[in-house]
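Residue-level listing of the chains:
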Amino acid sequence: MAEISQTIGSVSSMMTILLTTVAAISLLVGGIGIMNIMLVSVTERTREIGLRMAIGATPADILMQFIAESILLSTVGGLIGVIFGVTGAEIVGNIQHWPILITTSSIVVSFLFSALVGVFFGFYPALRASRLNPIDCLRYE
Amino acid sequence: MLIEVKDLVKSYKVGDMETHALDGVSLTIDYGEFVAIMGASGSGKSTLLNILGCLDVPTSGSYLLDGVQVSGMSRSELAHIRNRKLGFVFQSFNLLARTSALENVELPTFYYKGFPSGERRARATKLLERVGLGSRIMNTPGQLSGGQQQRVAIARALMCSPPVLFADEPTGNLDTKSSVDIMKLFTELNEEGITIVMVTHENDIARYAKRQIVVRDGKIIHGARFESADDPEAHT
Ligand SMILES: Nc1ncnc2c1ncn2[C@@H]1O[C@H](COP(=O)(O)OP(=O)(O)OP(=O)(O)O)[C@@H](O)[C@H]1O
Ligand SMILES: [Mg+2]
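Everything quoted here is computed from the prediction, not taken from an experiment.

Q: I'm lost on the overall build of chain B in this one. Help?
A: Counting its regular elements, chain B contains 7 helices and 10 strands. In terms of overall dimensions, chain B has C-alpha extents of about 50 × 45 × 40 Å along its principal axes. Carbon and sulfur atoms make up 49% of the accessible area of chain B, which amounts to about 10,700 Å² in all. One finds the centroid of the 26 positive side-chain charges in chain B at a distance of 7 Å from the centroid of its 28 negative side-chain charges.

Take a look at the structure:
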């Protein structure tokens, strides 16, 4: 009996490690995707950045604008993730007749975490944008 | 004096070649003037205007704007100056696409900490009426003609009530009729007390200004009129 429970315990902890690793890799890949999109967005909107600076945006204003956009992007991603996660769990639970336990805290934490991913991966593109020179931006074709 | 620059130099290094876009420019502009900066292509007009407009910084030289020493200011201090004291009108309008004329005009106030948000809409509407676009406030730039877009840009430049307006070839992308309309608007604004500094290479446009400055090879060859408060010799 003790042996069985030990085996179940080690299998379940292995599953946890495996799933956490998969989740971490997904977050990293997703985050790099966000960083890429933000870098493209900064380049495409160079003239807009120049104009905003010309009418009074400080480097900090530009930084905040792009970080906010990155957070928006990542939390929308987080929302979609939560929806998929919850429905996926319900479907699997129904098929396998497993009891499904979804805590509010797990949803809140994953949501906050996606916002954090937005800040982390959006920071570098936003910093690049904020360091641009107004006149170079306005001349950019 | 509104503007007082002394010995401005701006040099660019491309590869081994060093070019002096500005080569020792001293100049004063008083409150209420309407100045045209003229000169051949590549003479340094835009470089001068961009430095006067605090969009660019000189390699050396000093700049007093409205009694404040601008040279040596940080990037965010310069941004505040541009927000409160300077208005810009560009050749290519630079309006935000897919954004209404009204929102384009409101934009500068979002960088004006303490601007009463309740007044934002009313003031932008009033300015758009002032430039003759009262019936087009919800149009996006794509739904406006070039001349109308430039008038939106002028309303935007006036939003934070700056004492001076800078314009780099404001009629460069416009036909003759729209150009005349814009210059009439500038003349009216100037009569209301706003200082205007405008770059152009067209004599017909420069004629609207009360004073012409000619730049050649990074030097002012005509119309500099330099009077320094701390340089008594200049008055003799
Ligand atoms: N970013 C830059 N890097 C290198 N050289 C530059 C740069 N900007 C301007 N220059 C040089 O400085 C000189 C003056 O340029 P500027 O743009 O001020 O001329 P301009 O009088 O406005 O001409 P135009 O009428 O064609 O607009 C030119 O020789 C130009 O090549
Ligand atoms: Mg030019």
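Q: It is not clear to me how the environment of Ser62(B) should be interpreted in this structure. Could you clarify?
A: All names here are of chain B. Residue placement: Ser-62 occurs in strand S4 (residues 60–65). A relative accessible area of 30% means that Ser-62 is categorised as partly exposed. Between the C-alpha atoms of Ser-62 and Val-5, which are 57 residues apart in sequence, the distance is 5.6 Å. Among residues more than four places away in sequence, those in contact with Ser-62 are Glu-4, Val-5, Lys-6, Leu-8, Gln-69 and Ser-71.

Q: Would you mind going over the site of ligand 1 with me for this structure?
A: Near ligand 1, the surroundings consist of 13 residues, among which Ser41(B), Gly42(B), Lys45(B), Ser46(B) and Thr47(B) are the closest. Near ligand 1, residues from chains A and B are present, making the site a shared one. The separation between an oxygen atom of ligand 1 and a polar main-chain atom of Gly42(B) is 2.8 Å. Between Lys45(B) and ligand 1, the recorded distance is 2.7 Å, taken from a side-chain N or O atom to an oxygen atom. The fraction of the free accessible surface of ligand 1 (640 Å²) that becomes covered by protein chains is 66%. Within the residue set of the shell around ligand 1, elements represented by two or more residues are strand S1 (3–14) and helix H1 (45–52) of chain B. With 3 residues, H1(B) is the single largest residue contributor to the shell around ligand 1.

Q: It is not clear to me how empty space enclosed by the protein should be interpreted in this structure. Could you clarify?
A: Sizing a probe to match a water molecule and rolling it over the atoms shows the empty space that remains. Under the counting rule described, the total for this entry stands at 1 cavity of 30 Å³ or more. Taken as a whole, the largest cavity holds about 80 Å³ of empty space. In this structure, the largest cavity is lined by Ala54(A), Ile55(A), Arg82(B), Asn83(B), Leu86(B), Gly87(B), Phe88(B), Pro108(B), Arg156(B), Ala157(B), Cys160(B) and Pro162(B). The leading source of residues in the lining of the largest cavity is strand S6 (residues 86–89) of chain B, at 3 residues.

Q: Can you help me understand the nonpolar core in this one?
A: Generally speaking, a soluble globular protein has its nonpolar side chains buried in company with each other. Residue and element names in this part refer to chain B. In this structure, Ile-3, Leu-27, Leu-48, Leu-65 and Phe-166 are the most contacted members of the largest nonpolar core, which totals 52 residues. In this structure Phe-166 touches Ile-3, Leu-49, Leu-52, Gly-53, Leu-86, Gly-87, Phe-88, Val-89 and Val-197, once residues within four positions along its chain are discounted. Phe-34, Leu-95, Val-152 and Leu-158 belong to the second largest nonpolar core, which has 38 residues in total.

Here is what the cut-offs are and how they apply
- Residues numbered from 1 in each chain as written.
- Chains lettered and ligands numbered in written order.
- Predicted model: local features only at pLDDT ≥ 70, side-chain atom pairs only at ≥ 80, totals over all residues.
- Heavy atoms only, no water.
- Helix = DSSP H or I, 4+ residues; strand = E, 2+ residues; numbered from the N terminus.
- Areas by Shrake-Rupley, 256 points an atom, 1.4 Å probe, with all protein chains shown as cover.
- Lys, Arg positive; Asp, Glu negative; His and termini not counted.
- Charge placed at Lys NZ, Arg CZ, Asp CG, Glu CD.
- Buried < 20%, exposed > 50% of the residue type's maximum accessible area, 1.4 Å probe, protein only.
- Contact = heavy atoms within 4.5 Å.
- Near = heavy atom within 4 Å.
- Polar contact = N/O pair within 3.5 Å; in protein donor to acceptor, adjacent residues only side chain to side chain.
- 1 Å grid on protein atoms, 1.4 Å probe; cavity = no way out; pocket = protein on both sides within 12 Å on 5 of 7 lines; lining within 4 Å.
- Points joined across faces, edges and corners; volume = space filled by probe spheres on them.
- Core = buried A, V, L, I, M, F, W, Y, C linked by side-chain atoms within 4.5 Å.

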